[in-house]
Each structure stands twice: as C-alpha cells, then as structure tokens.
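Breakdown of the fold
These are the residues of each chain, in order.
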Amino acid sequence: MAEEFTVTPYEVSGEIDYQELITRFGTKEIDASMLERFSKFGEVHPMLRRQIIYSHRDMDWIMDEYEKGNKFVLYTGRGPSGPVHLGHLMPWAFTKYLQDLFDVKLYFQMTDDEKFMFYDQLTLEETKKWAYENALDVIAMGFKKGKTKIFLDTELIKTMYPIAVRAAKRITFSTVKAVFGFNNSYNIGSIFFTSVQAAPAFLESYYQGKNVPCLIPCGIDQDPHFRITRDIAEGIGYYKPALIHAKLMPSLSGSDKMSSSKEDTTIWTNDSPKAVKKKIGNAFTGGAVSVEEQRKSGGKPEICSVFQYNQYFFLPDDKKLEELYQKCKSGAILCGECKAALAERVIAFLTEHQERREKAKDQIEEFMLRD
Ligand code: TRP
C-alpha cells in the first residue's frame, strides 16, 4: 500500500508520490510533446528534461496564445518568514529561464501579510524586513530590470484589494477548510488570505484594462491556492491563470522537502563555505556501510541527497550527471569525494550569488512596485 502523504501550502509531510499528486490535484504531466514544444522556443531547461518541473495546467494554451502574438506575464512569489535557502532558488531559476525564453514581464509577490498571520512568533515588522532581505536574493537571480516588479502585499494592497474582494466573495469558508485543512481555530486573516494570493494573477489585466494571460511557475505545494484562483477567475472576468509546477527540493537529510526549520540540513544563501562543507559533509547519502562494501556493490544514487542536489540544480550537464550515476552505481566513486565535489559547486554558486546580492542593494528601488 502506498504511504500516506500530505501536500498543501501549509503542510508537506510523508513520502511524496509526485505521480499520485498529479491525479489528486488534477494537473497534467509534462510529457514528450510538451518538451518538444519548449524546444521550438530555445534550449529545454535541465529541470524540464529531468522532470523536476513536471506538471502543468494550461501550459499548452499559454504557448498557443504566445504563438498568436498574445504575450503572457509571469507571476510567482515568496513567503518572507526568514532567509532564503537553495530550495527556494530552484523554482526562481526556472522562472528566470521562462522570462528569458519568452521575454516577458514578471510579477513577484512577497506575502508579508501571510507569514505574519500564519506564524505566531513573527511580527509584521519582521516579515516586512524579511521581504526586503529576500528581494535581494530575487534580484540576484538576474531577473530583467524594467520587466520585473517585486511587491509586498502590505504595500500594494490598495491596488490589489478590489481584485481580492471580488475573488473573496466567490470563495466559501468550506472550500478553504477543505482545500487547506483549516479548522475553526484559524484566524480570519488566514481564511481570507488565498484571495490575496489570487490577485496578482490578474494585475497585468487590471493595469492594461484588458485580459492578459498569466503563467505561474511554483512549487507543486502552492497549487491548491491557484486551483481556487482558477475556479473564480472567469466569474470575475479574467482568464484562468496557467501553472507550471516544480517538485520540492529534498533536504540533505533524505527525501523530504527542504524545510526552513531543519537548520543543519538546509543551505541558506548567506552560508559561508565552511558551513556548506559541514552540511554537505553530514548529508544523507546512498552509500554502503563500509568502503569495501561500497567498492564491491556500489552506492544508491536514487536515494542519495547529494545526487539529488546535483540532479535538481548543480550539475546541469546531462552527460556528467549520467557519468556520476554510473560511477556511484559501480562503486568507482565514494561518498566523500562526491560530497566534496558538490560542496565545491555549491560554494562557487553561492559566492557569485552573494556578490550579486550585495550589488542588488543599489538596485532594489528599480524593482519595487507600490500603490
Ligand atoms: N505563499 C507562498 C509561500 O508561502 C508565496 C507565494 C505568493 C507564491 N504568491 C506566489 C509562490 C505565487 C508561488 C507562486 O511560499
């Protein structure tokens, strides 16, 4: 029997069966013909080839419209509850690929209101502070200036509120309870919140005064919000937003989503080289109990968090990844060597990221959108 698991925006637990999620959520798998369509626009991103970006809603419609000359906008976001970790950057890197491939605008939502309402220990001043800190990481990803607008909910609410209330009027308490697993003890802000996450999908249409298609790249855990958004969209006069979903980056402790609560198994964007080496050094691998045993019967890359890091983000070259896989399987490479190589790649990435993040401090105002 399949193991129990839960995936909602507010709870991810158990061993996730991603195929099963497609059925549960009613999304479409990204299949060979979809990859083929991507290849007409440019390079097919490694995350697409490897099925890390693996599910969608109406991506074919987005491409149809685009081919007819009707450009879409991108919309994604971040819940600013603390520093950013590598698991967050992964879908952002894919979002940047989409922005470059199609040369489109991006709206980036910082839900300072959401994190305030859902975390007892955070004040609104703190979530706002994190929103600005996290915006530097977003800018450091290299999104196009002039085509990328980052905003805090509390600072764009005058614009979004009329959209949010139109959405809210069509969403019942029982829907929210069923979709997010809320009960009567949740504060009323949490219950209203999904309408605030819905609103940016229609921002470009609002600004332009005509309907503009919207594509939302996000972790599959955010899909429940947008299922609701899609249900109410046409009723308030807009297109349903399309979605393209990422699997959740595993933590260094094994197969679960990289969680902000597990300090030692999470790599933050401001980690020092020393911290990175230590965390990767302690990572869960698919190695055997002894060196002799591993030389003889090989390792298990399928369950190895170090291999998964390479696969998700750090080894985009398919040939090199395949080589690593074979070397691990055959026992030609041991975990120590493999960990050291990954640590080096992560450190190189973070060193550059941290430099770009510093430079972003002078550019932040050019990216921010306010009422
Ligand atoms: N609620 C999301 C989180 O907690 C943040 C978010 C807001 C988001 N809008 C989004 C994520 C759109 C993806 C797409 O992380």
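Source: prediction; values computed, not measured. (Residues numbered from 1 in each chain as written. Predicted model: local features only at pLDDT ≥ 70, side-chain atom pairs only at ≥ 80, totals over all residues. Heavy atoms only, no water.)

Here we come to the site of the ligand. Inspection of the region around the ligand gives 14 residues, with Y75, Q109, E114, K115 and Q197 positioned closest. At 3.0 Å from a nitrogen atom of the ligand is found a side-chain nitrogen or oxygen belonging to Y75. Note that a nitrogen atom of the ligand is positioned 2.9 Å from one of the side-chain N or O atoms of Q109. Secondary-structure elements contributing two or more residues to the shell around the ligand are β5 (73–78), α6 (112–118) and β8 (214–219). Here the shell around the ligand takes 4 residues from β5, the largest share from any one element. Across the shell around the ligand, the residue classes break down as 4 nonpolar, 7 polar and 3 charged. (Near = heavy atom within 4 Å. Polar contact = N/O pair within 3.5 Å; in protein donor to acceptor, adjacent residues only side chain to side chain. Helix = DSSP H or I, 4+ residues; strand = E, 2+ residues; numbered from the N terminus. Nonpolar A, V, L, I, M, F, W, Y, C, P; charged D, E, K, R; others polar.)

Turning our eyes to something else, we now look at the pattern of salt bridges. Pairs can form between side chains of opposite charge once their charged atoms are near each other. All told, the structure shown has 25 salt bridges when counted by the stated rule. For E133, the salt bridge identified is with R357, shortest N-O distance 2.9 Å. Here E133 is found in helix α7 (residues 124–140), whereas its partner R357 is found in helix α17 (residues 335–360), with 224 residues between them in sequence. One salt bridge in this structure joins K145 and E366, with 3.5 Å as the shortest N-O distance. Remark: E366 occurs in helix α18 (residues 364–367) and K145 occurs in the loop between α7 and β7 (148–152); sequence separation between them is 221 residues. Linked by salt bridges that have partners in common, E43, R49, R50 and D318 make up one network. (Salt bridge = Lys/Arg side-chain N within 4 Å of Asp/Glu carboxyl O.)

So, on to the domain arrangement of the protein chain. Split by domain assignment, the protein chain resolves into domain 1 (6–248) and domain 2 (263–358). Between the C-alpha centres of domain 1 and domain 2 there is a distance of 29 Å. Carbon and sulfur atoms make up 61% of the area that domain 1 and domain 2 hide from each other, which totals about 1,700 Å². Linking domain 1 with domain 2 are 4 salt bridges. Counting every contact that joins domain 1 to domain 2 gives 13 residue pairs in polar contact (both at pLDDT 80 or more). For the side of domain 1 that touches domain 2, the secondary structure elements donating two or more residues are α3 (46–49), α5 (86–102) and α7. When its residues are assigned to classes, the side of domain 1 that touches domain 2 shows 13 nonpolar, 1 polar and 5 charged. (Domains from an automatic or database assignment. Buried area = accessible area lost by both parts, 1.4 Å probe.)

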